[in-house]
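Results of the structural survey
Given next are the chains, with one letter for each unit.
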Number of protein chains: 2
Amino acid sequence: MPEKRVDNRPSAAHNTLAEAQHILHEHLTQLGLKRSSQRDTILRVFLKTRDHLSTEELHTLIKKHDPAIGYTTVYRTLKLFVQCGLAAEVEFRDGVARYEHSLNRRSHHHMICTRCGDSVEFFSPEIEELEHRIGKKFNYLTIQHSFQIYGICESCQKKLTDAVAATGAQ
Amino acid sequence: MPEKRVDNRPSAAHNTLAEAQHILHEHLTQLGLKRSSQRDTILRVFLKTRDHLSTEELHTLIKKHDPAIGYTTVYRTLKLFVQCGLAAEVEFRDGVARYEHSLNRRSHHHMICTRCGDSVEFFSPEIEELEHRIGKKFNYLTIQHSFQIYGICESCQKKLTDAVAATGAQ
DNA sequence: ATTGCTGCAAACGATTTGCATGAGG
DNA sequence: CCTCATGCAAATCGTTTGCAGCAAT
């Protein structure tokens, strides 16, 4: 196991929170909206995850910090985060909207296991290039793209072959 | 209004229908399911479209051929088509499931206008290659991928600039 | 004071299922 | 005959909205 993945930017987490809060408050001001303790709490908890959370999952986490915060507030706040670029919706084909943070996050894509929902991220600069090329070709003003690979992860493959072996042995 | 459609591959349409029906019936037999006139009608109407139809839109078309066929049957039949590879679900981000035929259809992707829902198809071999490369790298057995570009089509861009010009002129 | 925010409950809309009846093998 | 298919109505589930009371500016 080489590469333990050390973060060479010492206080990255704290800086990210401060930066994110600044972006959110700026966004609120611009739209004539107001700060609230709930929104700050939701942002703080959201930034602490690296997962792809559904609104409900995030709400569950939020309640541990402040049980009074309701589902609707989390739902509406996530939309705010998307508006100001702090969060991005990701498509996992499991019937719920999922969000990840998108601040200081290098453009990436997901490969998702359709059995267990596990996912890995990968990088692919050629996809960005492709978006621009195709947009130009058909005179579209491109906004974004969505790219996912669906498959079966190593551990689920193992479970499947084991199951087949067991059936065959009977 | 029969058979206006000019096709330079003489009996391509007929062959596709025959092939599709064969695939469907084979699939039904394998699962111990039964043929039905409804399923055949739905397949016939579905194959005649080149659009990306929602279940409801397809149901509307179906009713012109046989008003007795219900929404649920169309819904369940589309799932069958997906199972046996006759149809594929496409993601248009408009909140409804959309299907296109996938038989004898070269692999392609979509660029979708988020204003009017218009879409263009494009081809990109590098995407297929990427799916395999990433799958191998992370030991995933890849099944499929999903790639869409979202943007604003030429005609909607025009409408937008016109609208801005009108506001500015007042 | 004014205006936005919150949390509840209710509305919503697409999808999915239960069930009695009808059709396929 | 037995099993599956059908179509209706009802249930489901994530999402979205209306509203009365609360909080921020």
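In short, a report on the structure. Quick caveat, the model's predicted, so the values are computed rather than measured.

The rules behind each value
- All residue numbers refer to positions counted from 1 along the written sequence of the respective chain.
- Note on labels: chains are lettered from A, ligands numbered from 1, in written order.
- Note on the predicted model: pLDDT of at least 70 is required for a residue's local features to be given, and 80 or more for side-chain atom pairs to be given and counted; whole-chain, interface and lining totals, by contrast, use all residues.
- Each side-chain value is derived from all of the structure's non-hydrogen atoms; neither hydrogens nor water enter the calculation.
- Fitting a line to C-alpha atoms yields each axis, with helices limited to the stretch in contact; the angle taken between N-to-C directions then spans 0 to 180 degrees.
- Numbering of helices and strands runs from the N terminus; a helix is a DSSP stretch of H or I covering at least four residues, while a strand is a stretch of E covering at least two.
- Left-handed describes a crossing whose near helix is turned anticlockwise from the far helix through less than a right angle; right-handed describes the clockwise counterpart.
- Note on definitions: a residue-residue contact is assigned when non-hydrogen atoms from the two residues lie within 4.5 Å.
- Under the convention adopted here, Pro, Cys and the residues Ala, Val, Leu, Ile, Met, Phe, Trp and Tyr are nonpolar, Asp, Glu, Lys and Arg are charged, and Gly plus all remaining residues are polar.
- Distances are taken per atom, and a residue is near a molecule or strand as soon as one of its heavy atoms is within 4 Å of it.
- Any N or O atom pair separated by 3.5 Å or less is treated as a polar contact, with the protein-specific requirement of one donor-capable and one acceptor-capable atom, and with residues adjacent in sequence counted only for side-chain atom pairs.
- A helix is expected to span 1.5 Å multiplied by its residue count minus one.
- Buried, partly exposed and exposed residues are distinguished by accessible area as a fraction of the type maximum, computed with a 1.4 Å probe on protein chains only: under 20%, between the cut-offs, and over 50%, respectively.
- To be clear, the arc concerns the directions from the helix axis to the C-beta atoms.
- Here the buried area means the combined drop in accessible surface, using a 1.4 Å probe, for two parts upon being joined, counting both sides.
- Put simply, a salt bridge is a Lys or Arg side-chain nitrogen that is within 4 Å of an Asp or Glu carboxyl oxygen.
- Residues reaching a pLDDT of at least 70 in both copies supply the C-alpha atoms on which the copies are superposed by least squares.

1. Quick notes on the packing of helix 2 (residues 37-48) of chain A against helix 3 (residues 55-65) of chain A
All names here are of chain A. Close contact between helix 2 and helix 3 brings their axes to 10 Å; oriented N to C, the two are set at 120°. As helix 2 runs across helix 3, the sense of the crossing is right-handed. Residues Thr-41, Ile-42, Val-45, Phe-46 and Lys-48 of helix 2 touch helix 3, and the partners they reach there are Leu-58, Leu-61, Ile-62 and His-65. In terms of residue class, the contact of helix 2 with helix 3 is made up of 6 nonpolar, 2 polar and 1 charged.

2. Let's talk about the protein's contact with DNA strand C
Around DNA strand C sit 22 residues in total, of which Lys-34, Ser-36, Arg-39 and Thr-73 of chain A together with Tyr-75 of chain B are the nearest. Of everything in DNA strand C that lies within 4 Å of the protein, sugar and phosphate atoms constitute 71%. One of the side-chain N or O atoms of Arg-39 of chain A is found 2.6 Å from a phosphate oxygen in DNA strand C. Thr-72 of chain A has a polar side-chain atom sitting 3.4 Å from a base nitrogen of DNA strand C. Sorting the residues of the surface near DNA strand C by element identifies helix 2 and helix 4 (71-83) of chain A together with helix 4 (71-83) of chain B as the ones contributing at least two each. If you tally residues by element for the surface near DNA strand C, the top one is helix 4 of chain B, at 5 residues. Looking at the surface near DNA strand C, its residues break down into 7 nonpolar, 8 polar and 7 charged.

3. A look at helix 5 (residues 125-137) of chain A
Under the 1.5 Å per step criterion, the end-to-end length of helix 5 of chain A is 19 Å for 13 residues, consistent within 8% with the ideal 18 Å. When we look at burial in helix 5 of chain A, the residues that qualify are Ile-127, Leu-130, Glu-131, Ile-134 and Gly-135 of chain A. Projected down its long axis, helix 5 of chain A carries its buried residues within an arc of 125°, all on one side. Seen from the open side of helix 5 of chain A, the exposed residues pointing more than 90 degrees away from its buried face are Pro-125, His-132, Lys-136 and Lys-137 of chain A. Where helix 5 of chain A is buried, its residues contact strand 4 (109-113) and strand 6 (141-152) of chain A together with strand 4 (109-113), strand 5 (119-122), helix 5 (125-137) and strand 6 (141-152) of chain B.

4. A look at the interface of chain A and chain B
Taken residue by residue, the interface counts 36 residues in chain A and 36 residues in chain B. Of the roughly 3,200 Å² buried at the junction of chain A and chain B (both faces included), carbon and sulfur atoms supply 61%. It is Arg-93, Met-111 and Tyr-140 of chain A that lose the most area in chain A upon contact with chain B, and together they represent 20% of the buried surface on that side. At the junction of chain A and chain B, the tally comes to 4 salt bridges.

5. Digging into the relation of the copies chain A and chain B
Overlay of chain A on chain B (RMSD 0.3 Å): rotation 178°, translation along the axis 0.0 Å. Interpreted geometrically, this transformation is the action of a two-fold axis. Relative to the rotation axis, the closest C-alpha in chain A is found at Phe-147 of chain A, a distance of 2.1 Å. Of the interface residues in chain A, 100% have counterparts in chain B that sit at the interface too, so the contact is made through matching surfaces.

6. Regarding the protein's contact with DNA strand D
Tyr-75 of chain A together with Lys-34, Ser-36, Arg-39 and Thr-73 of chain B are the nearest of the 22 residues found near DNA strand D. The sugar-phosphate portion of DNA strand D accounts for 69% of its atoms within 4 Å of the protein, the bases making up the rest. Tyr-75 of chain A is positioned with one of its side-chain polar atoms (N or O) 2.2 Å from a phosphate oxygen of DNA strand D. Contributing elements (two or more residues each) for the surface near DNA strand D: helix 4 of chain A together with helix 2 (37-48) and helix 4 of chain B. No other element matches helix 4 of chain A, which puts 5 residues into the surface near DNA strand D. Within the surface near DNA strand D, the residues separate by chemical class into 7 nonpolar, 8 polar and 7 charged.

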